[in-house]
Each structure stands twice: as structure tokens, then as C-alpha cells.
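Chain residues, written in single-letter form:
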Amino acid sequence: MSVSPPNPARFSFRFGLPPSLGNGLARDRAEQLTAFIERALGRKVEVSVAASYEALAKDLLAGRADAVWAPPFVCARVEAMGVRVLARGVRRGRSSYRSALVTRAGSGLTLETLQGTRVAWVDRDSVGGYLLPVAYLKAKGREPVKTFAAQQFAGSYKAALEAVQGGQADVASIFCPPESTGLTYADGVEVVLPGKGGAFELIAYTEEAPNDGVPVGMGVAPEVVGLLERALLALHESEDGKRLLEELSRRSVSSPRRGWATGPSTAWRSRASEAQPSTTQPPTPHQPLSLRERDGVRVPRIPGWLRGIGGC
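All figures in this text were calculated on a predicted structure; none of them were measured in a lab.

Asker: Could you give me a rundown of the sheet that holds strand β9 (residues 200-210), with the residues and numbers involved?
Answerer: Across the sheet, which stays open at both edges, the five strands sit in the order β7-β6-β8-β5-β9 with mixed pairing between neighbours. Two strands lie at the open edges of the sheet, namely β7 (150-153) and β9, each paired on one side alone. Adjacent strand axes in the sheet meet at a mean angle of 25° when their direction is disregarded. Looking at chain direction, strand β5 (residues 96-104) and strand β8 (residues 171-176) are connected through six bridges and run antiparallel. Within β8, the residue paired with Ser 99 across the bridge is Phe 175. Lying over the sheet, helix α7 (residues 185-192) contacts β5, β8 and β9, oriented at roughly 95° with respect to β8.

Asker: I'd like a description of the environment of Gly 188, backed by residues and values.
Answerer: Along the chain, Gly 188 falls in helix α7. When sequence neighbours within four positions are dropped, the list of residues in contact with Gly 188 reads Ile 174 and Phe 175.

Asker: Describe the side chain of Thr 117, with residues and values.
Answerer: By the secondary structure assignment, Thr 117 is in the loop between β5 and β6 (118-121). With relative accessibility at 9%, the residue Thr 117 sits in the buried group. Those residues in contact with Thr 117 that lie beyond four places of it in its chain are Leu 109, Thr 147, Phe 148, Ala 149, Ala 150, Asp 170 and Val 171.

Asker: A description of the nonpolar core should follow, citing residues and the corresponding values.
Answerer: In this structure, Val 102, Trp 121, Leu 137, Leu 161, Val 171, Ile 174 and Phe 200 are the most contacted members of the largest nonpolar core, which totals 54 residues. Here the element with the most residues in this core is helix α4 (residues 127-139); it accounts for seven residues. Setting aside anything within four residues of it in sequence, one finds Val 102 in contact with Leu 161, Asp 170, Val 171, Ala 172, Ile 174, Tyr 185, Phe 200, Glu 201 and Ile 203. One finds Phe 13, Leu 17, Ala 30 and Leu 228 within the second-largest nonpolar core, a separate group that totals 25 residues.

What counts and how
Residues numbered from 1 in each chain as written. Predicted model: local features only at pLDDT ≥ 70, side-chain atom pairs only at ≥ 80, totals over all residues. Heavy atoms only, no water. Pairing = 2+ DSSP bridges. Helix = DSSP H or I, 4+ residues; strand = E, 2+ residues; numbered from the N terminus. Axes fitted to C-alpha atoms, helices over the stretch in contact; angles between N-to-C directions. Contact = heavy atoms within 4.5 Å. Buried < 20%, exposed > 50% of the residue type's maximum accessible area, 1.4 Å probe, protein only. Core = buried A, V, L, I, M, F, W, Y, C linked by side-chain atoms within 4.5 Å.

Function cannot be read off these values alone, since they describe shape.
What follows is the structure, encoded as C-alpha cells:
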């Protein structure tokens, strides 16, 4: 897919959000984000919600969006085509998250008893909502197409969890903090369905993946890129900014987008000083270390199944 410059006959700056929370909730957050970016850039801004993760990447590459809030899978895709990821999210001092396969509390389902059950995924390009759990299942010798009697794509974490709650599915996946935080899958459930952490029980945890990031279009003027980067990196320094990060993390990218929460450890990490990736392999979200390596926070090694992602 070719990369097109932004179309000048439209809003001065267009920012895309992923669909993972569902359009209604994402659109509620768009107004706050619009005001924030307009203050930072001093120009008119439109924030829109992409129909899918694939559409999110295509919008950025085609110039229909100048920057997007994107999960690691989308970041890897656009980085492989020369797009810069301006910043990545940090939550509780961690730049990664994992996924958990969950079921209704009391169902008694385990990895060994998944045969013939139904699963509700988020989206084919959702790392926490599809790619991580599918990779985990395959590594355990349980090919999803042979294990599940039915697979559906609900479009958001909320819809996937509600499908399990409502009996339309038996299994779903939810983003959650890494093991090093001491937190569990219930933390992710509570972000998406407040008060429902106890309504689900764990089947298994996956490997970790990097948090969401903000790729910026290749046609955006350098001075505008600089303004956006400074604004993102300073977002956690104000109470309004912390609230916006918390609201936008109720996805995703995120992931969690997802990947942010209020508090002193909430931040963006700049990728401005990162070394360039090898020219023999597509850029990947886990290399190299972030600008704040001195803080001892490393981006984890992303599983091999997520490397080498090409175009859309």
C-alpha cells in the first residue's frame, strides 16, 4: 500500500482512535482529546473512530488521518512502511501488558476442557483481544479453529465480555497488567465493565506485548510533530491530562489501548532517540529501549508471531 500525504482540503489535523471500546464510548472520549490536541497544536482538529484496526492503519497510511492511537500490531505494520511511532504508553511504570483468557465465574472451564466451546474475540488485529491468546493456544497445541465450536469477533472488549456474560459465548480475552505488577485479569475486566471483575474467572495468561503507541503520518510537518510529541509526553503532568489518559485507556490503543492509568507513573515514553531498526527486518515494537531506559523500564521482547508484519 502506498503512503499518501494528508489531504489539505479538510481539517487541519485529523486523529484516529481504535474501535476496541465500541464507538459510543470512544466517541465520548473524542471530545476531550479534540480539545487537548487543539490546544497543543493551535489548529482545528477532528477526532474520529476507525471501523476496525485495519481501517485505522489504512487511514494513517492513506493520509486520511495524521496520527492515530494504535495497538502494537498496528504500530508494527505502519513502522514497517516507514511511519514513525511518536510515543508509547506506560502504566504503573510498565510499558507492557498481557492478555487473559476468561470465562464466566463458576463455569469451571480450563485449558483442557475448552474443546467444543464458543469464543468471542475482539478483532483480528487486536493484540490482547485476539493475537496474544491465539498464539498462546497454538503454543499449547490447541489450534483455535479445531478447539472452538464457534468463533465470533465482537468488535470491542466490552462486547466480547458481554457475550460471555449473556451466554452467547463461553470464552473471551481481556487485556491486563503484566505479572510483575501483582495485578490480575480482574483489573482489565474492571476497566471495561466496572464492578464486574468477580463475574469472570481465569483460564490462562498469555505472554506480554508492548503498550499502545501514537504513530504520526509521514506527511505531517516536523513542527507539528514536535508540538504533538511534547504535548503527549507532558500529558500526565496535569490532572486533566491524567484523567484523559485514564479515559482513553478504557479500551484499546491498548490497550488499552489500555496501558495508562492515573498516578505519578502514568506517562508516554518518547521514541525520538531510539536506534533505527535493522534494514533486513521490519521494525518491531520491542526494540530498542525507550528514551527513559535509565528508569529501568524495558519494552519486553515481543513474541515471534508478531514480528515481520508487512502492509495492510
